[in-house]
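Residue-level listing of the chains:
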Amino acid sequence: HLFNQGLTHELLSLQLLTILLDGDPTDDSVDVAVGYMCIVGRQLMEVSPAGVHAVMERFRGLLHEGTIGRRGQYRIETLLKIKRGGFVDYPTLPDEEHLDLVEREDQITFELGLDDEGLSGE
């Protein structure tokens, strides 16, 4: 939700998805990546359609490789349907009328990445 509210840059979301899906992902990492993509998908489509395309291609690749279990395959197929529908069931900001939002021009977006030198390894 930090990305959806504009507190973190889209690069951080794309890096997280890349780490979760890189190499030989487990069913659990695929499950987390699918859940995360459902939450940030709509907003990410607006700011980085090329990034979403790359992530979705990785999900499709995992389906075709057949290296993940049935649960992971089902979750990816569900995500593909959700994306085709434009993530309509996953709003970027839930119940906006109940949030005390900062005006867009007063917001600060933190542009950090998982590979930044200033981050500790903990």
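Report follows, based on the coordinates. Bear in mind that the values here come from a model prediction, so they are computed numbers and not experimental data.

Describing the overall build of the protein
Scanning the protein for helices and strands turns up four helices and zero strands. Moving toward the C terminus, one meets the helices and strands of the protein in the order α-α-α-α. Every one of the 122 residues in the protein was classed for burial, and the buried ones make up 34%. Across the protein, the fraction of contacts at a sequence separation of at least 24, relative to all contacts at a separation of at least 6, is 70%.

Quick look at helix α2 (residues 27-47)
Its 21 residues place the ends of α2 28 Å apart at the C-alpha level, agreeing with the 30 Å of an ideal helix rising 1.5 Å per residue. Residue Val40 marks the point of greatest curvature in α2, where the axis turns by about 60 degrees.

Overview of the pattern of salt bridges
Per the counting criterion, the structure on display carries four salt bridges. Linking Arg71 and Asp28 is a salt bridge whose minimum nitrogen-to-oxygen distance equals 2.8 Å. Of this pair, Arg71 sits in helix α4 (residues 70-84) while Asp28 sits in helix α2, placing them 43 residues apart in sequence. Overall, Asp28 belongs to the exposed group, its relative accessible area being 51%. One salt bridge connects Asp31 with Arg75, and the closest N-O pair in it is separated by 2.5 Å. With a gap of 44 residues between them, Asp31 in helix α2 and Arg75 in helix α4 connect regions that are remote in the sequence. Residue classification places Asp31 among the partly exposed residues on the basis of a relative accessible area of 27%.

Let's talk about the nonpolar core
Met37, Phe59, Ile76 and Leu79 are the most contacted members of the largest nonpolar core, which totals 22 residues. Sorting the residues of this core by element identifies α1 (10-21), α2, α3 (49-65) and α4 as the ones contributing at least two each. Here the element with the most residues in this core is α2; it accounts for seven residues. If near-sequence neighbours (up to four positions away) are discounted, Met37 is found in contact with Leu17, Leu44, Val52, Val55, Met56, Phe59, Leu79 and Phe87.

Conventions we followed
- Residues numbered from 1 in each chain as written.
- Predicted model: local features only at pLDDT ≥ 70, side-chain atom pairs only at ≥ 80, totals over all residues.
- Heavy atoms only, no water.
- Helix = DSSP H or I, 4+ residues; strand = E, 2+ residues; numbered from the N terminus.
- Buried < 20%, exposed > 50% of the residue type's maximum accessible area, 1.4 Å probe, protein only.
- Contact = heavy atoms within 4.5 Å.
- Expected span 1.5 Å × (residues − 1).
- Bend = angle between axes of the 7 residues up to and from the residue.
- Salt bridge = Lys/Arg side-chain N within 4 Å of Asp/Glu carboxyl O.
- Core = buried A, V, L, I, M, F, W, Y, C linked by side-chain atoms within 4.5 Å.

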